[in-house]
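Here are the chains, one letter per residue:
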Amino acid sequence: MAKISICVGSACHLRGAHGVLDAFIALIAKYNVGSEVDMAGNFCHGRCTEGVVIKIDDEIITNVSKDKVYDIFIEKVLKGNRP
Ligand code: FES
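All figures in this text were calculated on a predicted structure; none of them were measured in a lab.

S.K.: Can you break down the nonpolar core residue by residue, with the values?
M.R.: F24, I54 and F73 are the most contacted members of the largest nonpolar core, which has 27 residues in total. Where this core is concerned, the elements lending two or more residues are β1 (2-7), α2 (17-30), β3 (54-56) and α3 (69-77). The element best represented in this core is α2, accounting for 7 residues. In contact with F73, other than residues within four places in its own chain, are F24, L27, I28, Y31, V33 and L78.

S.K.: I'd like a description of the pairing of β1, backed by residues and values.
M.R.: With 5 of 6 residues buried, β1 lies mostly within the body of the structure. With 6 bridges connecting them, β1 and strand β2 (residues 37-42) associate as parallel partners. Bridging from a neighbouring strand, I4 pairs with M39 of β2. With 3 bridges connecting them, β1 and β3 associate as antiparallel partners. When the bridges of β3 are listed, S5 appears paired with K55.

Reading the values: rules and limits
Residues numbered from 1 in each chain as written. Predicted model: local features only at pLDDT ≥ 70, side-chain atom pairs only at ≥ 80, totals over all residues. Heavy atoms only, no water. Core = buried A, V, L, I, M, F, W, Y, C linked by side-chain atoms within 4.5 Å. Buried < 20%, exposed > 50% of the residue type's maximum accessible area, 1.4 Å probe, protein only. Helix = DSSP H or I, 4+ residues; strand = E, 2+ residues; numbered from the N terminus. Contact = heavy atoms within 4.5 Å. Pairing = 2+ DSSP bridges.

As structure tokens, this is what we get:
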């Protein structure tokens, strides 16, 4: 199971964290992997100037925008297994 944590602290919020969150939710539904993904919003990861900051399992990923979510999802959540 992949664990996705999306920073919804103030700086990341201003940089579009909710759009990132919505994009992940849409992809999880589209690929029907809700039972394989544990997703949560979290407050500040301490790297506010690099937002939006997300964490997938133990890996921190910075400068995430909603436009980058698809590639991150395929690479890190589906582990490159394109459907
Ligand atoms: S608000 Fe997101 S890392 Fe600080």
